[in-house]
Amino acid sequence: MSRGSSSRRTTTTEYLTLWAGSNVRPITYATGRIVLVGTMGDATVGPACPTLGRPTKEHPVADAPRVTDVLDAVAVRAWARLATEALGRDRAAIDRVNVFPVADGDTGTNMFLTLREGARAVAQAPGDAGSAALLRHLARGALLGARGNSGVILSEWLRGVAIAATRGEAVPRALDLAAATARTAVAHPEPGTILTAADVAAAAARDRAARPGAVVGDVLAGAVGGARDAALSSVATLAPLARAGVLDAGACGLVLVLDALRTAALQGRTPAGPPAPGLRTVPGPGEAAVSGAGETMATMPLVTLGLVLTGHAAEPAGAVEPGGAHGDTPGHGAACDGDEFEAMFVLRRPAGAPEFPDGGVAETLRADLAAVGGSVVVVGGAGLGGGEDSAWQAHVHTPDLDAALAVAHRWARRGTVEPVHLRHLAVPDAGPAVVASTDATALAAELARAGAVVLVPTNWVGVTARDLALAAVSAGTAGVIVLGGAGADQAAVTDAVARLAQEHADAAAPVVVTLDAPTDVHVAVVVAALAAAADVPDADVAAAVRGALDGLRAVVTDAEGAPAALRTLLGEGGEMVTLLTDASVPVGLAAELGTVAAGCGAECVVLATGRAGAGVAIGVEG
């Protein structure tokens, strides 16, 4: 039977074979055999699909409809909403199977939060914006609001779709470009992840588009099916997944995004004009008709995973161990080993800024981060709209926080670096999140180890109320405690949170409690309160933090004035003294202040800030 007349669905293992020169590594899947690669640049595919990115006479994929033929403005807005809602519904299930690259249980949440920021940008776009412009808004919003490894990769995948739409590319080519740009963004890709799902989805879409009589729904259904096949195969591909018996969380998230795309394209559009070239837009067997302008989100089919995520039997011995292809270099899947942090930051540079050629910023920044950690992803680039600043989102897992922050500070001299978003990878999500800010690197590390999300400024602007509010609404928990600092006090942060919640129109917005923490000693006291609360089952964390701050008297001075300042504070009584000393404070000062505290019957704790200067922050409790 000829392929064109066959109704049998081509499986992943029949159509995808990717090559990478002499470094081809065969991976045995549960359903067959696939060879995976590190880049898509020289990729070719097997007998049922033409070469990716190279249309042939037999497979004139260039005649497929353009992205903007398939997605009009109404459909793009519907896609953004549908995908966000789908990830919101299934994020807990996806979180539970997040064992790679780090088993921190947040992949579904991070993809949801990332896409929610993209959807917010789409909702705020001008009402007359066309579909290509809206896709650019979606991609840029996701880029600037990306969370976690998976969120950053998803944002670059969306950027690839937006670039293709802006160029007037066909749908299969758009999925090719999205997969390729996402893969390129990862310093050391691993097989069996969201990257593989993107590759397979693109190959499947191209295969469907090349078949005689194909309709739009066929192409998009092929992409969804390809991603779903890749997700199912992931458990037998990557050893951490095989040991846990689960599917890859990122691949599952991409299935939802693609299925939302399919649904929006078929049912979220305004009435169609003339048929798009190459593919029929009339429904095929079992395909829903394109809806009219009156179609509402409520009447659209529910976007679902259609996958069992857990309980899969796979042989770990036949799967790939992360990093195996890269020697000792930390890769996409470098495991979290003890004291390791996730650091993320946004870099902005003016359009047309000199020093780096096209692609040079991402390549150099990626190399800088790879030198200090693993799971390195750098996405973004030149603005897709006229006059927009270029923007990149950088992500790394690192045991050396000072080195990672040094990279951010170095790039702040080449552009504008927004506050570094820092968290500790070994801290489980339990209870309300805490969001704080400090420019003291040692204190930032202690805060993160205590479970807080920490914003570390890299320039004179510092951390704004909106920065703290964005971190709060993106924390992914039902409750958030925000410590407002200098320039971002309690009232300003509370107002910024309210505005963002209104912009998101999110019924699941977190309950945010904002407390003033005007000095680093206030923040240090919160670290101690969090540590104490962690030892108490069902502790009221907000009450513990509020109680610690209410009982604190604090002053910031220099080394010379510190002894007198401490005596003044202890003159009002006190049982606990907290001292924060900058790097140039004389070594003997801490001992001198400890003697003063002991003479007043108080215990003294000294913490180095890791910050340049001779400042001393003093706090007295009790």
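What counts, and where the lines are drawn
- Residues numbered from 1 in each chain as written.
- Predicted model: local features only at pLDDT ≥ 70, side-chain atom pairs only at ≥ 80, totals over all residues.
- Heavy atoms only, no water.
- Helix = DSSP H or I, 4+ residues; strand = E, 2+ residues; numbered from the N terminus.
- Buried < 20%, exposed > 50% of the residue type's maximum accessible area, 1.4 Å probe, protein only.
- Contact = heavy atoms within 4.5 Å.
- Areas by Shrake-Rupley, 256 points an atom, 1.4 Å probe, with all protein chains shown as cover.
- Expected span 1.5 Å × (residues − 1).
- Polar contact = N/O pair within 3.5 Å; in protein donor to acceptor, adjacent residues only side chain to side chain.
- Pairing = 2+ DSSP bridges.
- Axes fitted to C-alpha atoms, helices over the stretch in contact; angles between N-to-C directions.
- Arc of directions from axis to C-beta.
- Phe/Tyr/Trp six-rings, centres within 6.5 Å; stacked < 30°, edge-to-face > 60°.
- Lys NZ or Arg CZ within 6 Å of the ring centre and 35° of its normal.
- Salt bridge = Lys/Arg side-chain N within 4 Å of Asp/Glu carboxyl O.
- Core = buried A, V, L, I, M, F, W, Y, C linked by side-chain atoms within 4.5 Å.
- pLDDT = per-residue confidence, 0-100.
- Parallel < 35°, antiparallel > 145°, perpendicular 65-115°, else oblique.
- Nonpolar A, V, L, I, M, F, W, Y, C, P; charged D, E, K, R; others polar.

(A) Just the overall build of the protein chain, in detail. Looking only at helices and strands, one finds 20 helices and 15 strands in the protein chain. Residue burial in the protein chain is summarised as follows: out of 622 residues, 56% are buried. Put simply, of all contacts in the protein chain between residues at least 6 apart along the chain, 77% involve residues at least 24 apart. Put simply, the protein chain shows about 23,800 Å² of open surface, and 54% of that area lies on carbon and sulfur atoms.

(B) Expanded view of the side chain of His421. Locating His421 in the fold gives a position in strand E7 (residues 420–424). When its relative accessible area of 9% is taken as the criterion, His421 is described as buried. If sequence neighbours within four positions are ignored, His421 has contacts with Arg147, Glu342, Ala343, Met344, Val453, Val454, Leu455 and Ala471.

(C) How the structure looks around helix H11 (residues 249–267). The terminal C-alpha atoms of H11 lie 27 Å apart, and with 19 residues this matches the ideal 27 Å at 1.5 Å per residue to within 8%. For H11, the tally of buried residues reaches 18 of 19 residues, placing the bulk of the element in the interior. Two or three places before Gly250, at the opening of H11, Asp248 has a side-chain oxygen 3.2 Å from that residue's backbone nitrogen.

(D) Seen up close, the sheet that holds strand E12 (residues 552–558). With mixed pairing, the four strands of this open sheet are ordered in space as E12-E15-E13-E14. For this open sheet the edge positions go to E12 and strand E14 (603–608), each flanked by a neighbour on one side alone. With direction set aside, neighbouring strand axes in the sheet form an average angle of 15 degrees. Direction of pairing for strand E13 (residues 576–581) relative to E14: parallel, over a ladder of six bridges. Opposite Thr578, over in E14, you have Val605 as the bridge partner.

(E) The arrangement of the pairing of E7 in detail. By the criterion of burial, E7 is predominantly enclosed, with five of the five residues buried. Because side chains alternate across E7, one face comprises the buried residues Val420, Leu422 and His424, and the other comprises His421 and Arg423, equally buried. Sheet topology note: the strand E3 (residues 341–349)/E7 ladder contains four bridges and is antiparallel. By the bridge assignment for E7, Glu342 is matched with Arg423.

(F) Quick peek at helix H19 (residues 562–570). Three or more residues of H19 are buried, namely Ala562, Pro563, Ala565, Leu566, Leu569 and Leu570. Viewed along the axis of H19, the buried residues span an arc of 165 degrees, placing them on a single side of the element.

(G) Here's a closer look at the packing of aromatic side chains. In this structure the tally under the stated criterion is one aromatic pair. Considering the side-chain rings of Trp79 and Trp157, the 6.4 Å spacing of their centres and the 75 degrees angle between planes classify their relative orientation as edge-to-face. Placement of the pair is Trp79 in helix H3 (residues 73–96) and Trp157 in helix H6 (residues 148–167), with a sequence separation of 78 residues. The ring of Trp411 is capped by Arg414, whose NZ or CZ atom sits 4.4 Å from the centre of that ring.

(H) The arrangement of unusual backbone geometry in detail. One non-glycine residue, Ser375, lies in positive phi territory at about 50 degrees. According to the relative accessible area criterion, Ser375 is buried, its value standing at 0%.

(I) Region of interest: the environment of Met576. Structurally, Met576 can be placed in strand E13. Each C-alpha atom, one on Met576 and one on Glu603, is 4.9 Å from the other, the two residues being 27 residues apart in sequence. When neighbours within four sequence positions are excluded, Met576 is seen to be in contact with Ala602, Glu603, Val605, Gly619, Val620 and Glu621.

(J) Representation of the pattern of salt bridges in the model. On inspection of all chains with the given rule, the structure shows 17 salt bridges. Glu321 is the salt-bridge partner of Arg243, the closest N and O atoms lying 2.8 Å from each other. Taken together, the positions of Arg243 in helix H10 (residues 239–244) and Glu321 in the loop between H11 and E3 put the pair 78 residues apart, joining distant regions of the chain. Across the salt bridge formed by Glu418 and Arg348, the nearest N and O atoms sit 2.8 Å from each other. Placement of the pair is Glu418 in the loop between strand E6 (416–417) and E7 and Arg348 in strand E3, with a sequence separation of 70 residues. Its relative accessible area of 24% is what places Arg348 among the partly exposed residues.

(K) Region of interest: the nonpolar core. Among the nonpolar cores identified, the biggest contains 95 residues, and Trp79, Leu135, Trp157, Leu158 and Leu258 are the most heavily contacted of them. It is H11 that provides the largest number of residues to this core, a total of 13 residues. Sequence-distant contacts of Leu135, defined by excluding residues within four places in its chain, comprise Val67, Val76, Trp79, Val161, Ala162 and Ala165. Within the second largest apolar cluster, 57 residues are counted, among which are Leu483, Val525, Val527 and Ala548.

(L) Spotlight on the confidence of the model for the protein chain. Per-residue pLDDT for the protein chain averages 78, and the proportion of residues at 70 or more is 77%. Confidence drops under a pLDDT of 50 for residues 1–62, and excluding neighbours within four residues, the segment shows 132 contacts in the predicted structure. Counting contacts from residues 324–337, a segment whose pLDDT is below 50, to residues more than four positions away or on other chains yields 36 contacts.

(M) Just the packing of helix H4 (residues 107–123) against helix H15 (residues 465–473), in detail. Packing of H4 against H15 leaves a shortest axis separation of 11 Å and a crossing angle of 125 degrees. One way to sum up the angle between H4 and H15 is to call them oblique. For the pair formed by H4 and H15, the contact residues are Leu113, Arg116, Glu117 and Arg120 on the first element and Arg466, Leu470 and Val473 on the second. For the contact of H4 with H15, a count of residues per class yields three nonpolar, no polar and four charged.

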